[in-house]
Amino acid sequence: MVEKRHLKSARIVVKVGTSTLTHANGKLNLKAIDQLCYTLSGLVNEGKQVVLVSSGAIGVGLGLLGIDERPSSIPQQQAIAAVGQTQLMTVYQQRFAIYGQKIGQILLTHDVVDYPISHQNVLNTFENLLQLNVIPIVNENDTVAVDELDHHTKFGDNDQLSAIVATTIDADLLIMLSDIDGFFDKNPRKYADAVLLPRIGHIDEQTFEGAGGQGTKLGTGGMTTKLKAAQKMLNADKSMILANGENPSIIFKLLQGEPIGTLFQA
Ligand SMILES: Nc1ncnc2c1ncn2[C@@H]1O[C@H](COP(=O)(O)OP(=O)(O)O)[C@@H](O)[C@H]1O
Ligand SMILES: N[C@@H](CCC(=O)OP(=O)(O)O)C(=O)O
């Protein structure tokens, strides 16, 4: 019998990727979204403070506009994200309202890391939302977050953004939901004999060698950015769990300490 995990979880950040929120055909994964909203609302009712970092603006925008391939041009992606983000928040608003749960949108750029005043301002917003039992829903501000020569504003992916949010607000735990059961010793989509690693206490170059680069066609991060996020959490003496988001109510089990997915904990 595998031992239960000991986790602090008064304040948690949950990150969901595009692959969890949308089907391969670009349509919304309503089952996953409904379950996510039900679960997070349930956690707030239990007295927990919850932040959701949600990708999906570009994926949802593509589906809504009927575009099959993610364009390579940044301005086109930004336009698609503007459409998708609105739709995503509309869906969240509707679904969370079923459970009486209020939400607030926070769109971030790298300024919150680079400039202490911006950092303090965003922290104030998070604290006040959480005091009000609101679930802040965070994404990168895709319409302004582009690489410019003199002003580096882009996080690049929501995996690292979620770790930055979690450390900024001093969350106890980051739960990252993806389309895979956890971190394997090598990419399980390429290697049938890949083995799930239930616990990682330290990340080094060898760990990164197991991450097989880019993930799905709509997501941007892949496993490398998830490891970078985990590294940020470990450096801040915090924990992260990577688990499959197919059924987001899995979060209840994770918080009960069930050994599901990969726990990154020093
Ligand atoms: N060592 C590994 N363990 C698990 N998944 C891996 C690994 N290396 C690469 N991957 C890939 O990373 C993908 C998850 O990343 P991604 O598609 O960006 O998800 P998300 O949209 O949830 O951010 C998996 O589906 C898998 O193809
Ligand atoms: N801001 C982008 C984030 C894309 C992204 O990081 O996607 P994912 O790898 O699914 O977490 C969006 O909402 O589409």
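Please read these numbers as outputs of a predicted model, since none were measured by experiment.

**Student:** Any chance you could explain the site of ligand 1 here in plain terms?
**Tutor:** For ligand 1, the set of nearby residues contains 24 residues, the closest of which are Ser178, Asp179, Gly212, Gly222 and Lys226. Contact distances for ligand 1 include 3.3 Å between an oxygen atom and a side-chain N or O atom of lysine 15. Between an oxygen atom of ligand 1 and a side-chain N or O atom of serine 178, the distance comes to 2.8 Å. In the complex, 98% of the free accessible area of ligand 1, which totals 570 Å², lies under the protein chains. Elements with a minimum of two residues in the shell around ligand 1: helix H1 (18-21), strand S5 (173-178) and helix H9 (222-235). Take the shell around ligand 1: its biggest share by element is 3 residues, from H9.

**Student:** What's the story with a nonpolar patch on the surface in this structure? I'm lost.
**Tutor:** Among the surface-exposed residues, Tyr38, Ile98 and Tyr99 lie close enough to one another that they form a single nonpolar patch of about 320 Å² accessible area. By the secondary structure assignment, tyrosine 99 is in the loop between helix H4 (74-98) and strand S3 (103-108).

**Student:** What is the right way to look at the side chain of threonine 225 in this model?
**Tutor:** Mapped onto the elements, threonine 225 comes out in helix H9. If we skip the residues at most four places from it in the chain, threonine 225 touches Asp157, Asp159 and Gln160.

**Student:** Teacher, can you tell me more about the layout of surface pockets here?
**Tutor:** Its volume calculated, the second largest pocket comes out at about 180 Å³. A breakdown of the residues in the lining of the second largest pocket according to their chemical character gives 3 nonpolar, 3 polar and 4 charged.

**Student:** When you look at the sheet that holds strand S1 (residues 11-16) in this model, what are you seeing that I'm missing?
**Tutor:** Pairing between the strands of a sheet comes from backbone hydrogen bonds, and it takes one of two forms, parallel or antiparallel. Taking strand neighbours across the sheet as the criterion, the 8 strands line up as S3-S4-S2-S1-S5-S7-S8-S6 in an open arrangement whose pairing is mixed. Edge positions in the sheet fall to S3 and strand S6 (199-200), since each has one partner strand and no second. Direction of pairing for S3 relative to strand S4 (residues 135-140): parallel, over a ladder of 6 bridges. The residue bridging glycine 104 from the neighbouring strand is proline 136, located in S4.

Basis of the calculations
Residue numbering note: each chain is counted from 1, following its sequence as written. The lettering of chains begins at A and the numbering of ligands begins at 1, in the order of writing. The predicted origin of the model limits local features to residues at a pLDDT of at least 70 and limits the giving and counting of side-chain atom pairs to 80 or more, whereas totals for whole chains, interfaces and linings rest on all residues. Heavy atoms from the whole structure form the basis of all side-chain values; hydrogens and water molecules are not counted. Throughout, near means a residue has at least one heavy atom within 4 Å of the molecule or strand. For the purposes of these results, a polar contact is taken to be a pair of N or O atoms within 3.5 Å, where, inside protein, one atom must be able to donate a hydrogen and its partner to accept one; residues adjacent in sequence count only when each atom of the pair is a side-chain atom. The accessible surface values rely on the Shrake-Rupley method and a 1.4 Å probe; as for residues, cover is taken only from the protein chains in view. A helix here means a DSSP run of H or I that spans at least four residues, while a strand means a run of E at least two residues long, and both kinds are numbered starting from the N terminus. Patch membership requires over 30% relative accessible area and the absence of a salt bridge. Like charges are linked within 9 Å, and nonpolar side chains (Val, Leu, Ile, Met, Phe, Trp, Tyr) within 5 Å. Salt bridges are identified by distance alone: a Lys or Arg side-chain nitrogen within 4 Å of an Asp or Glu carboxyl oxygen. When checking whether two residues touch, look at their non-hydrogen atoms; a contact exists if any pair is within 4.5 Å. Grid spacing is 1 Å over the protein atoms alone, the probe is 1.4 Å, and a cavity is where that probe fits but cannot get out, while a pocket is an open set with protein on both sides within 12 Å along at least five of seven lines and lining residues have an atom within 4 Å of a point. Grid points are joined across faces, edges and corners, and a volume is the space filled by probe spheres set on the points. Each residue gets one of three labels, nonpolar for Ala, Val, Leu, Ile, Met, Phe, Trp, Tyr, Cys and Pro, charged for Asp, Glu, Lys and Arg, and polar for the others, Gly among them. Pairs of strands are assigned from DSSP output, requiring at least two bridges between the strands.

Interpretation note: all reported values are geometric properties and have no functional meaning in isolation.
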